[in-house]
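Each chain, letter by letter, is given below.
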Amino acid sequence: MFKKILIANRGEIALRVLRACRELGVKTVAVHSDVDARALHVRFADEAVCIGPAAPSKSYLNIPAIISAAEITAADAIHPGYGFLSENAEFSRICGKCGITFIGPTPEAMQAWGDKVTARRNAQKFGLPLLSGSAVLDGVEQALSEAKRIGYPVMLKASGGGGGRGMRIVRSDGELPDAFGSARREAESGFKNPDLYCEKFVERPRHIEFQVLADRHGGVWTLGERECSLQRRHQKVIEEAPSPAMTAEQRQAMGEILRRAVYDTGYTSLGTFEFLMDEDQKLYFLEMNTRVQVEHPVTEMVTGLDLVALQIRAASGEKLDLPDTRPWSFRGHAIECRVNAEDPKSFAPWPGLITEWNPPGGAGVRVDSGVYGGWRVPPDYDSLLAKLIVHGATRGEAIARMRRALDEFIVAGVRTNISLHKALLDDREVLAGTMTTRTVERVTGKSNG
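The rules we used
Just so you know, the residues in each chain are numbered from 1, in the order the chain's sequence is written. In keeping with the predicted nature of the model, local features appear solely for residues at pLDDT of at least 70, side-chain atom pairs appear and are counted solely at 80 or more, and the whole-chain, interface and lining totals rest on all residues. In computing side-chain properties, one takes all heavy atoms of the structure into account and sets aside hydrogens as well as water. For Phe, Tyr and Trp, where Trp contributes only its six-membered ring, two rings pair if their centres lie within 6.5 Å, and the inter-plane angle classes them as stacked under 30 degrees, edge-to-face over 60, or tilted in between. In DSSP terms, a helix is any run of H or I states spanning at least four residues, a strand is any run of E spanning at least two, and both are numbered starting from the N terminus. Categorising residues by exposure relies on relative accessible area from a 1.4 Å probe, with only protein chains included: less than 20% of the type maximum marks a residue as buried, more than 50% marks it as exposed, and the intermediate range marks it as partly exposed. Charge-over-ring placement is defined geometrically: NZ (Lys) or CZ (Arg) within 6 Å of the ring centre, and within 35 degrees of the ring normal. The pairing criterion is simple: DSSP has to find at least two bridges between the two strands. In summary, the charge assignment counts Lys and Arg as positive and Asp and Glu as negative, without counting His or the chain termini. Any carboxyl oxygen of Asp or Glu within 4 Å of a side-chain nitrogen of Lys or Arg constitutes a salt bridge here. Contacts are residue-level and defined by heavy atoms, with any inter-residue pair within 4.5 Å sufficient. To estimate how far a helix should extend, the number of its residues minus one is multiplied by 1.5 Å. Structural elements are reduced to axes, namely lines fitted to C-alpha atoms, with helices fitted over the stretch in contact, and the angle between N-to-C directions of any two is expressed from 0 to 180 degrees.

## Describing the packing of aromatic side chains
Part 1 of the reasoning: A full pass over the atoms with the stated rule returns 11 aromatic pairs.
Part 2 of the reasoning: With 6.5 Å between their ring centres and 25 degrees between their planes, W113 and F126 make a pair best called stacked. Of the two residues, W113 is situated in helix α5 (residues 107-114) and F126 in the loop between α6 (116-125) and α7 (140-150); the sequence distance between them amounts to 13 residues.
Part 3 of the reasoning: A relative accessible area of 0% places W113 in the buried class.
Part 4 of the reasoning: Ring centres of W113 and F273 lie 5.1 Å apart, and the angle between their planes is 80 degrees; this geometry places the pair in the edge-to-face category. Residue W113 is found in helix α5, and its partner F273 is found in strand β12 (residues 270-277); the two are separated by 160 residues along the sequence. For the pair W113 and F273, a shared accessibility class is recorded, and that class is buried.
Part 5 of the reasoning: Within the aromatic cluster, the residues linked to one another by ring pairs are W113, F126, F210, F273, F275 and F285.
Part 6 of the reasoning: The ring of Y372 is capped by R43, whose NZ or CZ atom sits 5.1 Å from the centre of that ring.

And the structure:
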């Protein structure tokens, strides 16, 4: 096992990784920008290093500064969390050259699955169903040609990223040039990779993802799926596990295909395969995220596993001692709400001083957060304040528990989207388990594009 892990991230995921390290008996190093000097992950880590000013490009995306911090603190591994450098194969490669273990897949496996265009080729090789799409586009003219071939509407997508950034829905030739330019700029800013591709856009799909885990000894586990259809502008709002749309037969069949794909490509870490499900319940492969997901706690709640600890153990070379269950059996139902600092009507980010912070508790309630009363939410990063996760014996019990927990959640000083979560949990489609990626748009009256 590692002696010391540097956590190359901030907020709730940095604290989540820190907690796993503590329970594994591993020392931790927090890195932070100057505005995050009083953050909880900084206060709770064994050591902390300031790596630059607030701008992510000068701190959390600053590879030389992060490597230097690892070297001066003698960290033998780096955990990237999600976002920032978590899917950057070059960062993983640099870690290896410096004798530091990157807690994630190898650079080769990351490129095989993390690059969206290469991942589509892999998916086709292993028999995963695909929407019609293109290779990397070299400019607007090729994008127009490919969009006509595929047929509108299409989705422009960043080849090297995720999280809803670098994505644009295009419904006509006239919309494409502006959409291409803005998506490319967003991809370059967010991932330092401007490459885009396009694929057929499904108007009212569900978004379903499968969690996988692999070690370096040939062990591969599929840990079921998550329902992620409730999203706004391609950013997930509420997630749950298992999906009310999946059958046991679908789960088992897809699990076997994914096991083969993970094993044959030498993937050894946590990973998530994302799919669209159309109105005929048919799944189409979208992409693979080669990192821990924001919504991993719902899988933890229904499997009883600590996914972050298992990810660290796999990276250390340990052979994971998990049952060979196909598919993994779920224990009840879990739901996660992402509580953001944002105006509930305009959805504009709402940075500022948190003057009161009272997260909920009680049976079956978990709160993953990196903030506290008196913390000032900076304008420089994602607006996520907390992930509120509940577990119940049934989906109905989980929904009732989440409603109760949302009523108990008190935040003052900044505006939040708690009212949106309450509205969604009262919506007829959500209650019936028939939601799609357009449900939030219908409930809020605001475009999801």
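## Quick look at the sheet that holds strand β1 (residues 4-7)
Part 1 of the reasoning: Spatially, five strands are ordered β3-β2-β1-β4-β5 in an open sheet, and the strand pairing comes out parallel. Looking at which strands have only one partner, the edges of the open sheet turn out to be β3 (47-52) and β5 (101-102).

## A short note on the side chain of E336
Part 1 of the reasoning: The topology assignment puts E336 in strand β14 (residues 333-340).
Part 2 of the reasoning: Although E336 is buried, it forms no salt bridge, and the closest oppositely charged side chain is R338 at an N-O distance of 4.1 Å.
Part 3 of the reasoning: When sequence neighbours within four positions are dropped, the list of residues in contact with E336 reads V237, I238, E239, V294, E295, P297, V298, K387, L388, I389 and M402.

## What about helix α1 (residues 11-24)?
Part 1 of the reasoning: With 14 residues, α1 should cover 20 Å at 1.5 Å per step; its first-to-last C-alpha distance of 21 Å lies within 8% of that length.
Part 2 of the reasoning: For α1, a buried count of 11 out of 14 residues is recorded, marking the element as mostly surrounded by other parts of the structure.
Part 3 of the reasoning: Turning to α1, its buried residues are G11, E12, I13, A14, L15, R16, V17, L18, A20, C21 and L24.
Part 4 of the reasoning: With its phi angle positive at about 80 degrees, G25 sits one or two positions after the end of α1.

## Focus on the sheet that holds strand β11 (residues 235-241)
Part 1 of the reasoning: Strand order across the open sheet formed by eight strands is β13-β12-β9-β10-β11-β14-β19-β17, with antiparallel pairing between neighbours. Only two strands of the sheet have a single partner each, and these edge strands are β13 (283-289) and β17 (365-369). In this sheet, neighbouring strand axes are inclined to one another by 25 degrees on average, regardless of whether the strands run parallel or antiparallel.
Part 2 of the reasoning: In this sheet, β12 lies alongside strand β9 (residues 206-214) in antiparallel orientation, the contact comprising eight bridges. Following the sheet pairing, H207 is matched in β12 by L276.
Part 3 of the reasoning: With respect to the sheet, helix α10 (residues 296-303) is in contact with β9, β10 (220-232), β11, β14, β17 and β19 (384-392), its orientation differing from that of β19 by roughly 20 degrees.
Part 4 of the reasoning: On the sheet, helix α11 (residues 307-315) packs against β9, β10 and β12 and is oriented at approximately 45 degrees with respect to β9.

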